[in-house]
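Descriptive analysis of the structure
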Amino acid sequence: FTVPTKRTKPELVADFRHTLTRLMSLCHGSALDELKDTETEDYEVIDIHGLDDETIHILSQCKFNNFNRVEVLLHMIQVLVVNAQSEKIIDIPAPMLSRVFQTLSRGFVNLLDAKKIKDTRFPFPHAQVIA
């Protein structure tokens, strides 16, 4: 959806693509971080230093302000896409754009479902029967 604009605004298209890739990578790594079993697990992301200083500062403050980093990242991705659409960097028909937002939302719902499964303890009576 950026190919037509790439000829006229190559820097803006490249910046959009790189920022979106970094934010999605960070969102995925943050989601896995919420599901990890031990504190020693680490997840690699794509070049976080390619993001601007304000974005890195906001993300680093999430833990101190009790914000869910995945939610903040999803919001940043949505704002990035909407701004790119309004600035004509991307040209996506409205039904397809709504599907993008729906897919992002379903991914977050699936993360919440996975967290429920992770946090729910196995019932003690069943554990006694199995052992």
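Preceding this paragraph is the structure being described.
Residues numbered from 1 in each chain as written. Predicted model: local features only at pLDDT ≥ 70, side-chain atom pairs only at ≥ 80, totals over all residues. Heavy atoms only, no water.

1. Notes on the nonpolar core
In terms of nonpolar packing, the biggest core is built from 25 residues, with Phe16, Leu23, Leu59, Val70 and Leu73 touching the most fellow members. Within the residue set of this core, elements represented by two or more residues are helix H2 (10-35), helix H4 (69-86) and helix H5 (94-119). The dominant element in this core, judged by the number of residues it contributes, is H4, at nine residues. Not counting the four nearest positions on each side in its chain, Leu23 is found in contact with Leu51, Thr55, Leu73, Met76, Ile77 and Leu80. (Core = buried A, V, L, I, M, F, W, Y, C linked by side-chain atoms within 4.5 Å. Buried < 20%, exposed > 50% of the residue type's maximum accessible area, 1.4 Å probe, protein only. Helix = DSSP H or I, 4+ residues; strand = E, 2+ residues; numbered from the N terminus. Contact = heavy atoms within 4.5 Å.)

2. Digging into unusual backbone geometry
In this model, Asp47 sits at a positive phi of 35 degrees, which is unusual for a non-glycine residue. You can see Asp47 is positioned in the loop between H2 and helix H3 (53-61).

3. A short note on the packing of H3 against H4
Two elements in contact, H3 and H4, have axes whose closest approach is 9 Å; the angle formed by their N-to-C orientations is 150 degrees. Between H3 and H4, the interaxial angle falls into the category roughly antiparallel. Crossing geometry of H3 relative to H4 is assigned as right-handed. In this structure, H3 uses Thr55, Ile58 and Leu59 to contact H4, whose residues at the interface are Arg69, Val72, Leu73 and Met76. Among the residues forming the contact of H3 with H4, the class breakdown is five nonpolar, one polar and one charged. (Axes fitted to C-alpha atoms, helices over the stretch in contact; angles between N-to-C directions. Parallel < 35°, antiparallel > 145°, perpendicular 65-115°, else oblique. Left-handed = near helix turned anticlockwise from the far one by under 90°. Nonpolar A, V, L, I, M, F, W, Y, C, P; charged D, E, K, R; others polar.)

4. Examining H4
The end-to-end C-alpha distance of H4, which contains 18 residues, comes to 26 Å, matching closely the 26 Å that a straight helix rising 1.5 Å per residue would cover. Within H4 the residues assigned to the buried category are Val70, Val72, Leu73, Leu74, Met76, Ile77, Leu80, Val81 and Ala84. Contacts from the buried residues of H4 go to H2, H3 and H5. Among the residues of H4, the N-terminal cap falls to Asn68, whose side-chain oxygen and the backbone nitrogen of Val70 are separated by 2.8 Å. Among the residues trailing H4, Lys88 stands out with phi positive, at a value near 65 degrees. (Expected span 1.5 Å × (residues − 1). Polar contact = N/O pair within 3.5 Å; in protein donor to acceptor, adjacent residues only side chain to side chain.)

5. Focus on the packing of H2 against H4
Two elements in contact, H2 and H4, have axes separated by 9 Å at closest approach and are oriented at 160 degrees. Between H2 and H4, the crossing angle belongs to the class labelled roughly antiparallel. For the pair H2 and H4, the sense of crossing is left-handed. For the pair formed by H2 and H4, the contact residues are Phe16, Thr19, Leu20, Leu23, Met24, Leu26, Cys27, Ser30, Ala31, Asp33 and Glu34 on the first element and Arg69, Val70, Leu73, Leu74, Met76, Ile77, Leu80, Val81 and Ala84 on the second. By residue class, the composition of the contact of H2 with H4 is 15 nonpolar, two polar and three charged.

6. Some details on the side chain of Arg22
For Arg22, the location among the structural elements is in helix H2. For Arg22, a relative accessible area of 15% puts it in the buried group. Those residues in contact with Arg22 that lie beyond four places of it in its chain are Ile46, Asp47, Gly50 and Leu51.

7. With respect to the pattern of salt bridges
For the structure on display, the rule yields six salt bridges. Between Asp47 and Arg22 there is a salt bridge, and its shortest N-O distance comes to 2.9 Å. In this pair, Asp47 is assigned in the loop between H2 and H3 and Arg22 in helix H2, connecting sequence segments 25 residues apart. For Lys118, the salt bridge is made with Asp119, and the minimal N-O distance between the two is 3.7 Å. Assessed through its relative accessible area of 52%, Asp119 is described here as exposed. Among the charged side chains, a network of salt bridges with common partners joins Asp33, Lys36 and Arg69. (Salt bridge = Lys/Arg side-chain N within 4 Å of Asp/Glu carboxyl O.)

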